[in-house]
Structure formats: structure tokens, C-alpha cells
Amino acid sequence: MAAPSHVLPFLSPTGTASSVRVSPGRRAGLLRCAAAAGQAGFFTRLGRLIKEKAKSDVEKLFSGFSKTRENLSVVDELLTYWNLADTDRVLDELEEALLVSDFGPKISFKIVDTLREEIRDGKLKSGAEIKAALKRCILQLLTSKGGNSELNLGFRKPAVIMIVGVNGGGKTTSLGKLAHRFKNEGVKVLMAAGDTFRAAARDQLEVWAERTGSEIVIDNDKKAQPPAVKRGKREGFDVVLCDTSGRLHTNYGLMEELVSCKKVIAKALPGAPNEILLVLDGTTGLNMLQQAREFNDVVGVTGFILTKLDGTARGGCVVSVVDELGIPVKFIGVGEGVEDLQPFDAEAFVEAIFP
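Since we're looking at a predicted model, the values are computed, not measured. Just so you know, the residues in each chain are numbered from 1, in the order the chain's sequence is written. In keeping with the model being predicted, local features are shown solely for residues with a pLDDT of at least 70 and side-chain atom pairs are shown and tallied solely at 80 or more, while totals for entire chains, interfaces and linings include all residues. In computing side-chain properties, one takes all heavy atoms of the structure into account and sets aside hydrogens as well as water.

A. The arrangement of the pattern of salt bridges in detail. Here a salt bridge means any side-chain nitrogen of Lys or Arg lying within 4 Å of a carboxyl oxygen belonging to Asp or Glu. Applying the stated criterion across every chain yields a total of 17 salt bridges. Ionic pairing is found between Lys157 and Asp238, a salt bridge with its closest N-O pair at 3.0 Å. Separated by 81 residues along the polypeptide, Lys157 in the loop between α7 (127–146) and β3 (159–165) and Asp238 in the loop between α10 (225–234) and β6 (239–243) bring together distant segments of the chain. Each residue gets one of three labels from its accessible area relative to the maximum for its type: buried under 20%, exposed over 50%, partly exposed in between, using a 1.4 Å probe on protein chains only. Residue Lys157 is classed as partly exposed on the basis of its relative accessible area, which comes to 30%. Across the salt bridge formed by Arg231 and Glu215, the nearest N and O atoms sit 3.1 Å from each other. With Arg231 in helix α10 and Glu215 in strand β5 (residues 215–218), this pair connects stretches of sequence that are 16 residues apart. In this structure Arg231 comes out as buried when scored by relative accessible area, which is 18%. To qualify as a helix, a DSSP run of H or I must reach at least 4 residues; to qualify as a strand, a run of E must reach at least 2; elements of each kind are numbered from the N terminus.

Below, the structure is given as C-alpha cells:
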């Protein structure tokens, strides 16, 4: 006996409403596709919404980068009374200001050479135009090399985000603040305290789970990620945040364990993790680049979280890390408050670092 068929509504190319008869198997497939499309739309909207928050929270960026702005205040002093005869001296001092702010030699030289060429070609004829060109150069570096700084959370629930980095960089705190942002958008969050060698790290994550109203999975055998991902799928969580232990990028054995973490997550949910976010301590300046290279080589980093940028004049390291590795900065830490993990927005950042 043939399986009963179902009638589904159908809109023809001419706009005429009609219907089409499909088998139960085909109907189930269509419903699965519709559900997947709905979840994909949810994550697309979520990524866009969090990114848009960066523009509304721009005042936090301004306060967080106050020291960098102070360092770059010399730009206005140099350009206010600029004239063509002083070009070489002014550009040399501008280059020094960029280096002090940790833009790095390569980027500082590239920016200044671009400005020198545009001045020589008569494209820049005033100090205001030079400053505008300087900001444009930095923005172009961030957007051309950094790609999309929105979170890419895939198309099905739960999205899995893995947080990695060295000791003391602020991984667990960043994860907690990220959970807070998600919860504010009505997202159902599950935390996984796996691969955490220190009991204190698990305790810290438990505090963040309670503080943000998130669920948490803890496994004393250091393998909480697979059960967390499976629970996330089973119980309809939107996002699973996986903490990992701090490890030196020079320790081969520990870095290999990080690869194992990634594999067991992928085994629990094919296609996961959707994001692997490397937390970098902004106070280390350009020294962070070697860490970033090693972690990226081992696990394939999809984005950076730069922390502790409020206590340093090294805001230029944001540009350096993007230019060096071509990986986007997705969040920056500009303070100790729960709201101070900011979605990264290149345009807002450039406006924030210049007085």
C-alpha cells in the first residue's frame, strides 16, 4: 500500500497560489530544510545584532582607549601648522607616534610612506586632509585584512564557540562576558568547563554561570566539551561556550591536547566548533604575534579577543595583529566591567584612538 501523501501550499513563478502533493519523506525533508533555514537566520541576526552594539557602545571604546589617544594627540599638534617644507620632519615624528602606540614598524612605515606619496602627488594639501588620510589608511588595513568581524555561528543549534589562549590572558573572564552579551539578547547559553587544569578555573566559570544565568557542565576528567555539546543539542541550547586551560604556545604537548579538544567537539557535533576565538593580552603589545601564529597553526583560529586594552597605550597592536595574520578581531576588552567586552568595529575603533 502506498504511503499517504501530503498537500503543501505552493506559489508558482507567476504568483498564482496552488498546491503540490508530496510524500511523507519529502515533506519531512522540506520541514528540516525550513528549520535549518530558521536557525541560520537566527544566528545571522544574532551576529549582526552583536556587531551593531559596537556602534551604540562607542563611548566605552573612547574611555578604554584614552591612553592611546593621549599618545596620538601629537598628530594634531604636528598637523595643525603643517606646511610642505616641514613634511619630512612631521612624517618622521608621526611615524614615531605610531611606533610608540605599537602599530609596529611594518605598518608604521607603510602608512607614512602612503602619506608621503599622496603629499608629493598633491592629493593632500592640509593638515586636516593628512589626518583624514591617516585614519583612512588604518581603516583600510583593518577591513581589507581582517575580513568579517561578526561572529559566524553556522546554521544549526547549538553554535559552539571554543575559547583558547595562554595563561593569564583573560579567557574565562572573556567567556563570562561573552555569555552576558548573549543572555542580554535572549540567547540560551551552556558553558563547558573542560580541559581546565586548575580547580580555580572551574570555580571561576561556575561564578560566571551563576552571574549570567547560564547552565554549566563540569567534568573532573577534563572532558566536559562532548557531554556539553550533546546536552546543548538535546536540550535546545542556542550557544555552547567551551573554556580551555591556559597553555604556553611553546609547549608542544599541551598544544596537541588542544587539537584533541577540537576533535572531540567535532565528533560530538559535526561542523563544530563554529568559532575558535584566541584571547590575547593587549598589554603584551607586539609580543602577542608569536602566540597568535602558533595557536593559529595548531587549531586554526577564526577570530581574536584582545583584552586589557584599557590599561595600556598600545592600541595599535589591534592593527598589527590583523595585518600580520589576516584574522579578524571579534571582541576587545576595554575595562573590567561585565559590559566592557566590546564587539569590534573597525570604524568605531579608528575614531576612538584619535583625539
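B. Quick look at the sheet that holds β3. By this definition, two strands are paired if DSSP reports at least two bridges between them. With mixed pairing, 8 strands are arranged side by side in an open sheet as β5-β4-β6-β3-β7-β8-β9-β10. Each edge of the open sheet carries a strand with a single partner, namely β5 and β10 (341–343). Across the sheet, the mean angle from the axis of one strand to that of its neighbour is 25°, orientation sign disregarded. Both strand β4 (residues 189–193) and β5 contribute to a ladder of 4 bridges, which runs parallel. Paired with Met191 across the strands is Ile216, a residue of β5. Here the axes come from fitting lines to C-alpha atoms, over the contacting stretch only for helices, and the angles between their N-to-C directions go from 0 to 180 degrees.

By themselves these figures say nothing about function.
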